[in-house]
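Here's the letter readout for the chains.
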Amino acid sequence: MTLFSAIFVMFLSLAPVSWAAEPEMMPSLDMTNPAALQEATRVLEEEIKLAARPQTYVLIDLAANVIVIKGRGVELHRISIERWSASHLVQLTSQYRLNERPAVNRRKIDPAAGAEQDPISLADMPTAFALQFSPPFVVQVLSHPDNPWQWTLQRGGTWWRRLRSWGSFLWTEDKSSLPSLDLTVSVDQAQSLAWTVTENMPFLIRRPTMP
Amino acid sequence: MARVLLSLWSCLLGLFLVTLVQSSGLPMSNASTVRPATADSTGLRTLQARYKTVAKQLTQLMPTQPYILVDTARNHLYIKRQDQVMLDALASTGSGTILDKPGDAKGQWIFDTPRGEFAVQTRLVNPVWVKPDWAFIEEGLEVPKSQADRLEPGVLGEYALGFGKGYFIHGTLYTRLLGKNVTHGCIRLNDDDLKSVYRLARVGTPILIF
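Residues numbered from 1 in each chain as written. Chains lettered and ligands numbered in written order. Predicted model: local features only at pLDDT ≥ 70, side-chain atom pairs only at ≥ 80, totals over all residues.

S.K.: Sorry, what's going on with the overall build of chain A here?
M.R.: The number of helices and strands found in chain A is four helices and nine strands. Reading the helices (α) and strands (β) of chain A from amino to carboxyl end gives α-α-β-β-β-β-β-β-β-α-β-α-β. Each of the 211 residues in chain A was classed as buried or not, and the buried ones make up 37%. Of all intrachain contacts in chain A linking residues separated by at least 6 positions in sequence, the fraction that spans at least 24 positions is 67%. (Helix = DSSP H or I, 4+ residues; strand = E, 2+ residues; numbered from the N terminus. Buried ≥ 20, exposed ≤ 12 C-beta atoms within 10 Å, placed from the backbone. Contact = placed C-beta atoms within 7 Å.)

S.K.: What should I look at first to understand the interface of chain B and chain A in this one?
M.R.: A common measure of how large an interface is: the accessible area buried when the components associate. In this assembly, 50 residues from chain B lie in contact with 56 residues from chain A. Within the residue set of the side of chain B that touches chain A, elements represented by two or more residues are helix 2 (41-61), strand 5 (98-100), strand 7 (116-119), helix 3 (133-138), strand 13 (181-183) and strand 15 (206-209) of chain B.

S.K.: Could you clarify how one ought to interpret the sheet that holds strand 1 (residues 67-71) of chain B in this entry?
M.R.: Two modes of strand pairing occur in sheets, parallel and antiparallel, and in both the strands are linked by backbone hydrogen bonds. Residues and elements named next belong to chain B. Here we have five strands laid out as an open sheet, ordered 3-2-1-15-7, and mixed in their pairing. Of all strands in the sheet, those with a lone pairing partner are strand 3 (84-90) and strand 7, marking the two edges. Recorded for the sheet is a direction-independent mean angle of 20° between the axes of neighbouring strands. Both strand 2 (residues 76-81) and strand 3 contribute to a ladder of six bridges, which runs antiparallel. Looking at strand 3, one finds that Leu 77 is bridged to Ala 89. (Pairing = 2+ DSSP bridges. Axes fitted to C-alpha atoms, helices over the stretch in contact; angles between N-to-C directions.)

S.K.: Can you help me understand the confidence of the model for chain A in this one?
M.R.: When pLDDT is low, close inspection of the predicted coordinates is not appropriate. Predicted confidence across chain A gives a mean pLDDT of 84, with 80% of residues reaching 70 or more. Here residues 8-23 of chain A is modelled with pLDDT under 50, and outside its nearest four sequence neighbours on either side it reaches five contacts, counting other chains as well. (pLDDT = per-residue confidence, 0-100.)

S.K.: What exactly am I supposed to notice about the nonpolar core here?
M.R.: Where a protein is soluble and globular, its nonpolar side chains tend to be buried together. Core analysis: the biggest nonpolar cluster contains 81 residues, and Val58(A), Val141(A), Ile68(B), Leu161(B) and Val197(B) have the highest contact counts within it. At eight residues, the largest contribution of residues to this core is made by helix 2 (residues 34-51) of chain A. The residues touching Val58(A), leaving out its near neighbours within four places in the chain, are Ile67(A), Ile69(A), Val197(A), Met201(A) and Phe203(A). (Core = buried A, V, L, I, M, F, W, Y, C linked by C-beta atoms within 7 Å.)

S.K.: Quick question: what am I supposed to make of helix 4 (residues 187-196) of chain A here?
M.R.: Three- or four-residue spacings in an α-helix give side chains the same orientation, since the helix completes a turn every 3.6 residues. Residues and elements named next belong to chain A. Judged by how many residues are buried, helix 4 sits mostly within the fold: eight of ten residues are covered. Taken residue by residue, helix 4 has Gln 189, Ala 190, Gln 191, Ser 192, Leu 193, Ala 194, Trp 195 and Thr 196 as its buried positions. Of the surrounding secondary structure, the elements contacted by the buried residues of helix 4 are strand 2 (66-71), strand 3 (74-80), strand 6 (129-134) and strand 7 (137-142).

S.K.: Would you explain the sheet that holds strand 8 (residues 180-184) of chain A in this entry?
M.R.: All names here are of chain A. The nine strands lie next to each other as 3-2-1-9-5-6-7-8-4, forming an open sheet whose pairing is mixed. Bordering the open sheet on either side are strand 3 and strand 4 (83-87), each of which pairs with just one other strand. Direction aside, the axes of adjacent strands within the sheet are offset by 25° on average. In this sheet, strand 7 lies alongside strand 6 in antiparallel orientation, the contact comprising five bridges. By the bridge assignment, Ala 130 is partnered in strand 7 with Gln 140. Each of strand 1 (56-61) and strand 9 (202-206) touches helix 2; the most contacted strand, strand 9, lies at about 170° to it. Where helix 4 meets the sheet, it contacts strand 2, strand 3, strand 6 and strand 7, and its direction lies at approximately 140° from that of strand 3.

S.K.: Got a minute to help me understand helix 4 (residues 191-200) of chain B in this structure?
M.R.: Residues and elements named next belong to chain B. Those residues of helix 4 that sit buried are Asp 193, Leu 194, Val 197 and Tyr 198. Axial view of helix 4: buried residues confined to an arc of 140°, hence all on one face. The exposed residues of helix 4 that point more than 90 degrees off its buried face are Asp 192 and Arg 199. Where helix 4 is buried, its residues meet strand 1, strand 2, strand 3, strand 8 (122-125), strand 11 (159-162) and strand 12 (168-170). (Arc of directions from axis to C-beta.)

S.K.: Honestly, the pairing of strand 1 of chain B in this entry has me stumped. Any pointers?
M.R.: If a strand is regular, its side chains alternate between the two faces of the sheet. All names here are of chain B. Within strand 1, five of the five residues are buried, which leaves the element mostly enclosed by the surrounding structure. Bridge count between strand 1 and strand 2: five bridges; the pairing is antiparallel. Bridged to Leu 69 within strand 2 is Tyr 78. Between strand 1 and strand 2, which follow one another and run antiparallel, lie four residues, and Asn 75 among them has a positive phi close to 55°. In terms of strand pairing, strand 1 meets strand 15 through three bridges, oriented parallel. Bridge pairing in strand 15 places Leu 69 opposite Leu 208.

Structure below.
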């Protein structure tokens with residue numbers, strides 16, 4: 001019996017650590033990449049502060065190409081990022097508070113008319129919008145609308161912003177422009193994000209690292 | 001003329017190259033990744049240990065008991081325990097419409113279901129609806145002075161779970177509207193699902209709404 005116990009204890013001590021109930025918060029994390037570990041740890045430390053309070057928050061995970069809506073550390077909803085681009089990515093280490101949610105055309109109830117107003121739904125949400133944060137930071141959300149005119153407007157807006165940014169950098173060497181992030185998601189996902197975010201909602205960014 | 005054409009050609013080439021980079025899914029920025037830090041094996045083990053410790057701390061903040069999750073965009077209410085879904089119920093949530101407050105130029109009610117984290121505060125059996133002012137104004141009626149004139153039994157179902165500021169998870173007479181955003185901010189369920197939620201939820205059960 002003692003021998004059996006000894007063998008069992010030895011077996012346990014030799015078993016891989018991962019057999020224990022180890023938390024896997026970031027499945028895409030390369031555990032052999034020091035920079036990735038540092039970044040993941042930084043994000044988790046920030047997330048602990050947010051999860052300790054009764055609120056929902058958003059993690060934009062550029063390493064895993066997802067936007068995750070969370071509360072108490074629990075994943076509530078996940079949105080896939082098709083493409084992204086960023087400026088001043090190195091600076092994106094704060095908690096960002098959303099200044100205001102994207103505008104939506106709400107129907108007004110008219111008691112005199114007697115007829116019920118249509119409620120707002122996901123379909124009423126914008127498919128392209130900008131989210132402004134404090135401290136200053138801008139997230140531009142884009143999608144692929146079916147309407148070619150809308151698509152052209154969206155792309156035109158993106159190009160215009162980029163040209164302006166390059167122009168100001170090249171000609172005035174102004175390096176003080178705001179950190180920004182352009183996210184391209186599907187139309188449904190853009191509307192879902194516009195629906196979900198609320199004023200003052202905290203956002204975190206996980207930045208990708210070189211392998 | 002040749003200069004103009006050359007400039008135009010350079011611009012087009014630039015746009016093409018950037019589009020190519022974008023369509024390949026590569027990040028655009030020249031500072032789009034965090035540079036790798038160097039660490040020896042001891043340093044790496046320290047980083048791994050730190051990561052695991054912090055990840056564990058976050059795990060400890062997650063609810064261990066059942067919690068209620070409400071998706072207001074798709075009108076579903078779930079009861080979950082860790083990763084297990086114990087109940088998936090079709091619900092009705094806030095319509096997002098607005099109603100002006102009479103006599104208050106800037107005041108209005110916005111009929112949204114609140115988003116964020118809440119907790120069950122009250123568990124009621126056979127609740128009676130105390131109709132608020134907006135319920136009368138919306139119907140073009142005068143707001144009654146007597147509290148007794150506000151009471152409306154039987155419209156909230158057999159149970160109601162309050163989660164603050166007058167918001168409840170309750171039943172409905174209009175089950176055909178489940179799955180739609182039609183309420184004034186409360187969360188409606190059918191009778192069977194409401195019973196399950198009432199049985200599983202306790203005062204203090206977290207409600208996460210997005």
